[in-house]
Amino acid sequence: MAYMTTLRGFNCDDLFKFNNMRLFPYPLALQYGIPFYLQYLAHWPEYFVVAEAPGGELMGYIMGKAEGSVAREEWHGHVTALSVAPEFRRLGLAAKLMEMLEEISERKGGFFVDLFVRVSNQVAVNMYKQLGYSVYRTVIEYYSASNGEPDEDAYDMRKALSRDTEKKSIIPLPHPVRPEDIE
Amino acid sequence: MAARGHVQDPNDRRLRPIYDYLDNGNNKMAIQQAEKLLKKHRDLHCAKVLKAIGLQRTGKQDEAFTLAQEVAGLEPTDDNSLQALTILYREMHRPELVTKLYEAAVRKVPTSEEYHSHLFMAYARVGEYKKMQQAGMALYKIVPKNPYYFWSVMSLVMQAISAQDEKLSHTMFLPLAERMVEKMVKEEKIEAEAEVQLYFMILERLGKYAEALEVVRGQLGEKLTSELQSRENKCMFLYGRLEQWPECNALSRKLLLKNPDDWQFYLSYFDSLFNLIDQSWTPPEEGNHSAEGEVHCSVAQAIGFVEERLASEEVKETRPLRGPYLARLELISRLRQRGSPDEQQLGEPLELMFQYFVKFGDKPCCFTDLKVFLHLLSPDHYVQVAAFVNRLTEAVPLGPVGEDGVALPGDTRALQRHLGAAQLSRCLGLQHALSTDGKLALIHELRAHYRHGLQFGKEHVLWQCLGLLEEGLAHSPSNAQIKLLLLLLFCRLGAFEPVVDLYSSLDAKHVQHDTIGYLLTRYAESLGQFAAASQACNFSLRFFHSNQKDTSEYIIQAYKYGAFEKIPEFIAFRNRLNNSLHFAQVRTERMLLDLYLDADISSTLEESVKNMSLCPEEDDIPWDSLRDNRDLDVFVSWNPKLSKEHRQLSLEEESLWLRLRSLTLRLAGCLSGLCHSPQAPPPATPHAQRNAEKSAENGVASKPADMQPLLGQLERTLGQAAQFTDKHQQYPFLGPPPTRLPQALANGSCQCQLVALQLPLHVQELETSGLDQSAELQAQIANLFKSLTVQLQDMLNKCKGDLLEVTDGRCRAQPSLLENLVFFVETVCVVLWVSSHCSGTLRPLKSSLQKKKKKKKETSTVTVSTSWLVWDRCTRLQTLLSQAVEQIQDQESSLTALKLEALSLEGLPQAEVKDTFSCDERTFIKAAMDKVQSSYLRSLQEVGDLLRKRADTLKSLKI
């Protein structure tokens, strides 16, 4: 039976459905190699969720992990990838997927959720701001050059979870950091 | 490089530079350094292994293997050697040797947790489930940690999953696994969520749903927290299985109250509701309706429930959810299915769908949402459908009608509505000639119209279409859909050259090599672009081979992290790729291609076959479990989906063609095995070695006896293929591309190759019976040879003509000539291998005959005539090849001489072209034509080159 907006765990067979090049020019991309996806599936399956449309088309997916030291209050959820196919945009799907990842991180006792985004990707930065994220720091040349484009900086954006009652984790750093300085 | 042990160990210090060289890819220095070290410390085994890694990475597999086995034979127990050997074996694709290594290690150091755990993982890599079960328990006995115990349990589950005998799974493996978990439950030793997950997996597989429900709802179920709604989802699944409709309904209802957009729960809500109605279920007079709370068991309640959800959407200030609106349509659909008049209470479907369009029409998903419910409009009722589409169209806000009589949407939302209406109209079979100008975003629609024109085979539309798409690509250089369509059209036109760049710009990644790789591999070779064909196969093969190594690593990780449910999934994933139709195809085609291009040219057929470690007596294609992973919906289409029948037929056709190709390949392999060299050189790679070991078991080289059954299969398959093509299947234009099969049968290449491949058997027979007593046989051989040249001549005739034919200033492409030409070349290759083989067999016969003649002074007229005939045929073959080479040269020069700008577009007189097309359009069409022309030239060159080389080898062939 086909589901309209159904969230479920990502499985390997979904990898075969990624030619979602329908309607719009840009396909829902599989930007990483197979080993990368398998690693996440093996380690953090609960953080790897797809939204499915009628006929089994993939609407979008989110992929994340939990990491960091609990003792240093850096235990947190991390958004590794979030992608919504063009024809299913503007439905609030990204927000729903993010909400879910935050909820999982809450349950794991995380202090915050964080993600990296290209400084130039204003659309994404604004969306995350709307979802309650703020820029914690800038990471210099986090994205390496490709296809003739230069290196690019990333924003490390964070949202505090309920465990971080004083919202210490999101106090912005005054200076940018280099990629080798982050964990 | 992996762990280097403890820093204090002086050996580590000595080995460090070698590790560094290896890490930096400096293999030569690593080898040298290792040799230096070994001179001083002869017993430093690890240095030997590191040297072997260096050798392996510089292509010296044999030396590497020998060295590795030397160390492995000593059964080392030092970390460094073990880990280095593990890495080496993995790179050699021999993971089974790692198990031997650690079996020896745990024998010598029976209390090592580390070695036992390495042994478990080594078994996991090769899927030795029974041994894993034992290794897991052995570990648990040394160190009683829960994960080890459950590794062992999981290995039992894997034995159940992989067992051929389902009964054995259900009576032995799974119950044993269940008891093992129960023991831990009773002793209250369950610690982790993964353990409960595994318990659930076991009960589910056993069909013990009631027990599973008890676990999930009980104390153990509280551990299921990682996944959101994990418990609820599991309960829902179990209620369904147990047909506990009251609980199923109540839980669905509860979850929908929480999230009114989760479609799966509407479905379970309706499913359970109608089941309850059919059972005339009524709630108990007192107490709870069910363990999950309130139950709905009447249509009135359901209508009320859906309307409440709708009402709360209507008053919301934020964007409304689609779920409740679609739920109303779903409920109507279900009521109608049951013939219930109650549907009228919910409203008129046409009106409701129209309202949906008004609300959500600016979302691209509006089309996919409504598509599911279009049947409610009674599509046969044209008037109603037309009325619906009219209303939709009227609801699209378009600007004022322009000079050309077309009203255009003013913004993207309007544009989206316009698209949605057009798509729905198309889906409903109302083809509106909506023309649009200027808005390139509307190219989707234009494409659909052009494509529609294509189906009727008017070729001038094809050129126009190419031009339009080229134009589109110039404006939207990253539009994947335009690239795909261009790729498809160029392929169908027989021009593969531009396809290479188009495909690479699609940036296909990993699984996509499997799902859309067929677009490339179907055409490259058949259009005579052999270099590109090799490359295309290599792309795919590289992916498939790395998959095998990669997946094993993550199966191991899943054990480590306790993601037990992922283990069967990863294995299924690996199998799905290993059994891929495309994988089998590229494997086969790659080897055939190598033989066509090389065998008996730069090396003998025998050497070629050996180098690719082809093992003809073994069929390496998993016919019964072949998976068709092709994405046949990769092209946008608003037509009804590709039918199951077409999918099925296409798979059948692909399998038939693959079978023919694989049999041809294996027969060529047998032919080389039939050769007259008694001693084969040692195999080059471990893989070849394994094959050689296998073939040694089956008897040394191939014998005529191996060829006979393969020829029988080839004949039978040809029969089936002929039956299949008689049915004359036509797929939709954007559906699966047809295989080469119909043309191969039509131009006679299959039949010709069959005759050729039968010859060696007859000649072999001649060899055994001797020349004196075999007049009949000789006559038969002579006839076969004769018919071969006749057939080849016939095939060559079918390649005559210009690839771009120009008549009355109009240009028409004839790609089938090119394809026939490639079939001709392929067949020539087979015939020449066979001839070479036969002449090798006949030569000693003839010389022995001459000796006899000297003694007896008798002449056997028949024999002379046979030899003469064979020789004569070779001469004729030579003439034929020269003729073919000349023919290709002619085609090349006439193609080069063609001045395309002087041409008009076919179907349209010159003057009309000027009127019809703008300057831009003409430029793009011209560019597309140039690409086709250039591609044809390249194909002709590649085919011509190969033919010339073949003609040269023929000259050296004498009997």
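Now for a description of the structure that goes with this document. Remember, it's a predicted structure, so these values are computed and weren't measured experimentally.

Parameters at a glance
Residues numbered from 1 in each chain as written. Chains lettered and ligands numbered in written order. Predicted model: local features only at pLDDT ≥ 70, side-chain atom pairs only at ≥ 80, totals over all residues. Heavy atoms only, no water. Helix = DSSP H or I, 4+ residues; strand = E, 2+ residues; numbered from the N terminus. Buried < 20%, exposed > 50% of the residue type's maximum accessible area, 1.4 Å probe, protein only. Contact = heavy atoms within 4.5 Å. Areas by Shrake-Rupley, 256 points an atom, 1.4 Å probe, with all protein chains shown as cover. Core = buried A, V, L, I, M, F, W, Y, C linked by side-chain atoms within 4.5 Å. Pairing = 2+ DSSP bridges. Buried area = accessible area lost by both parts, 1.4 Å probe. Salt bridge = Lys/Arg side-chain N within 4 Å of Asp/Glu carboxyl O. Polar contact = N/O pair within 3.5 Å; in protein donor to acceptor, adjacent residues only side chain to side chain. Nonpolar A, V, L, I, M, F, W, Y, C, P; charged D, E, K, R; others polar. Phe/Tyr/Trp six-rings, centres within 6.5 Å; stacked < 30°, edge-to-face > 60°. Lys NZ or Arg CZ within 6 Å of the ring centre and 35° of its normal. Axes fitted to C-alpha atoms, helices over the stretch in contact; angles between N-to-C directions. Parallel < 35°, antiparallel > 145°, perpendicular 65-115°, else oblique. Left-handed = near helix turned anticlockwise from the far one by under 90°. Expected span 1.5 Å × (residues − 1). Bend = angle between axes of the 7 residues up to and from the residue.

### Details of the overall build of chain A
Next, step 1: Looking only at helices and strands, chain A features 3 helices and 7 strands.
Next, step 2: Its helices and strands in sequence order give chain A the pattern β-α-β-β-β-α-β-α-β-β, from N to C terminus.
Next, step 3: For chain A, the residues scored as buried account for 53% of the 183 residues in total.
Next, step 4: Considering only residue pairs separated by 6 or more positions, chain A has 63% of its internal contacts joining residues 24 or more positions apart.
Next, step 5: Accessible surface for chain A amounts to roughly 8000 Å². Of this, 51% is attributable to carbon and sulfur atoms.

### Considering the nonpolar core
Residue and element names in this part refer to chain B.
Next, step 1: Counting 207 residues, the largest nonpolar core has Tyr559 and Phe564 as the members making the most contacts within it.
Next, step 2: Looking at this core element by element, the count peaks at 10 residues for helix 9 (residues 146-162).
Next, step 3: Listed in part, the 131 residues of the second largest apolar core include Tyr503, Ala756, Leu784 and Leu818.

### Quick word on the pairing of strand 3 (residues 58-67) of chain A
All names here are of chain A.
Next, step 1: Summarising burial for strand 3: 9 of the 10 residues are buried, a large majority.
Next, step 2: Summarising the sheet, strand 2 (residues 48-52) and strand 3 pair through 5 bridges and their orientation is antiparallel. What sits directly across from Ala51, in strand 3, is Gly60.

### Side note on the pairing of strand 7 (residues 152-160) of chain A
Residues and elements named next belong to chain A.
Next, step 1: For strand 5 (residues 112-118) and strand 7, the ladder comprises 7 bridges, and the chain directions are antiparallel. Among the inter-strand pairings, Leu115 is bridged to a residue of strand 7, identified as Met157.
Next, step 2: Two strands pair when backbone bridges link them, and strand 6 (residues 134-143) and strand 7 are joined in this way by 6 bridges, in the antiparallel orientation. By the bridge assignment for strand 7, Ser134 is matched with Arg158.

### Let's talk about the environment of A:Ala66
Residue and element names in this part refer to chain A.
Next, step 1: Assignment of secondary structure puts Ala66 in strand 3.
Next, step 2: Between the C-alpha atoms of Ala66 and Ile104, which are 38 residues apart in sequence, the distance is 9.4 Å.
Next, step 3: Other than its neighbours up to four places away in sequence, Ala66 contacts Trp44, Tyr47, Trp75, His76, Gly77 and Lys108.

### Things to note about the interface of chain A and chain B
Next, step 1: Taken residue by residue, the interface counts 52 residues in chain A and 60 residues in chain B.
Next, step 2: Across the chain A/chain B interface, buried area totals approximately 4800 Å², and carbon plus sulfur atoms make up 62% of it.
Next, step 3: In this assembly, chain A and chain B are joined by 1 salt bridge.
Next, step 4: One salt bridge in this structure joins A:Asp13 and B:Arg576, with 2.7 Å as the shortest N-O distance.
Next, step 5: Applying the counting rule to chain A against chain B returns 5 residue pairs in polar contact (both at pLDDT 80 or more).
Next, step 6: Elements that contribute at least two residues to the side of chain A that touches chain B include exactly strand 1 (6-9), helix 1 (34-43) and helix 2 (93-107) of chain A.
Next, step 7: The biggest single contributor to the side of chain A that touches chain B is helix 1 of chain A, with 8 residues.
Next, step 8: Within the side of chain A that touches chain B, the residues separate by chemical class into 32 nonpolar, 10 polar and 10 charged.

### Concerning the pattern of salt bridges
Next, step 1: By the definition in use, this model includes 56 salt bridges over all chains.
Next, step 2: Ionic pairing is found between A:Lys159 and A:Glu102, a salt bridge with its closest N-O pair at 3.1 Å. Taken together, the positions of A:Lys159 in strand 7 and A:Glu102 in helix 2 put the pair 57 residues apart, joining distant regions of the chain.
Next, step 3: B:Arg590 serves as the salt-bridge partner of B:Asp594, at 2.9 Å between the closest nitrogen and oxygen. Within this pair, B:Asp594 and its partner B:Arg590 are both found in helix 30 (residues 581-598), separated by 4 residues, close to a single helical turn.
Next, step 4: One salt-bridge network, in which partners are shared between bridges, spans B:Glu525, B:Glu589, B:Arg661, B:Arg740 and B:Glu826.

### Re the packing of aromatic side chains
Next, step 1: For the structure on display, the rule yields 28 aromatic pairs over all chains.
Next, step 2: When the ring of A:Tyr40 is compared with that of A:Trp44, the centres are 5.1 Å apart and the planes differ by 50°; the resulting orientation is tilted.
Next, step 3: Ring geometry for B:Trp263 against B:Tyr266: centres 5.6 Å apart, planes inclined by 50°, an arrangement best described as tilted. In this pair, B:Trp263 and B:Tyr266 both sit in helix 15 (residues 263-278), 3 residues apart, roughly one turn of the helix.
Next, step 4: Every member of this aromatic cluster is reached through a ring pair, and the members are A:Phe10, A:Phe36, A:Tyr37, A:Tyr40, A:Trp44, A:Phe48 and A:Tyr61.
Next, step 5: Directly above the ring of B:Phe357 sits B:Arg417, whose terminal nitrogen or CZ lies 5.8 Å from the centroid.
Next, step 6: One Lys or Arg, B:Arg522, reaches over the ring of B:Tyr523 and ends 4.6 Å from the middle of that ring.

### Some points on the packing of helix 16 (residues 299-314) of chain B against helix 17 (residues 323-337) of chain B
Residues and elements named next belong to chain B.
Next, step 1: Two elements in contact, helix 16 and helix 17, have axes whose closest approach is 9 Å; the angle formed by their N-to-C orientations is 160°. When the interaxial angle is binned, helix 16 and helix 17 end up roughly antiparallel. Taken as a pair, helix 16 and helix 17 cross one another with a handedness that is left-handed. From helix 16, Val299, Ala302, Ile303, Val306, Arg309, Leu310, Glu313 and Glu314 reach across to helix 17, where they touch Pro324, Tyr325, Arg328, Leu331 and Leu335.

### Things to note about the sheet that holds strand 1 of chain A
Residues and elements named next belong to chain A.
Next, step 1: Taken together, 7 strands build an open sheet; the order of strands is 1-2-3-4-5-7-6 and the sheet is mixed. With one partner strand each, in any of the chains shown, strand 1 and strand 6 form the two edges of the open sheet. On average, each strand axis in the sheet is tilted by 25° relative to the strand beside it, whichever way the strands run.
Next, step 2: Across the sheet, helix 1 is in contact with strand 2, strand 3 and strand 4 (76-84); its angle to strand 3 comes to roughly 65°.
Next, step 3: Packing of helix 3 (residues 122-130) onto the sheet brings it into contact with strand 4, strand 5 and strand 7, and relative to strand 5 it is tilted by some 165°.

### Thoughts on helix 10 (residues 166-186) of chain B
Residues and elements named next belong to chain B.
Next, step 1: Its 21 residues place the ends of helix 10 28 Å apart at the C-alpha level, agreeing with the 30 Å of an ideal helix rising 1.5 Å per residue.
Next, step 2: The largest bend in helix 10 comes to about 30°, at Leu174, with the proline Pro175 one to four residues further on.
Next, step 3: All buried positions along helix 10 are accounted for by Ser169, Phe173, Leu174, Pro175, Ala177, Glu178, Met180, Val181 and Met184.
Next, step 4: For helix 10, the secondary structure elements touched by its buried residues are helix 8 (129-142), helix 9 and helix 11 (193-206).
Next, step 5: Among the residues of helix 10, the N-terminal cap falls to Asp165, whose side-chain oxygen and the backbone nitrogen of Lys167 are separated by 3.0 Å.
Next, step 6: Two residues or fewer after helix 10 comes Glu188, characterised by a positive phi angle close to 55°.

### Here's the deal with unusual backbone geometry
Residues and elements named next belong to chain B.
Next, step 1: A positive phi is found at Asp600, a non-glycine position, where the angle reads about 70°.
Next, step 2: Following the sequence through the fold, Asp600 ends up in the loop between helix 30 and helix 31 (605-611).
Next, step 3: Positioned with a positive phi, Ser613 is a non-glycine residue whose angle comes to about 40°.
Next, step 4: Tracing the backbone through its elements, the reader meets Ser613 in the loop between helix 31 and helix 32 (644-673).

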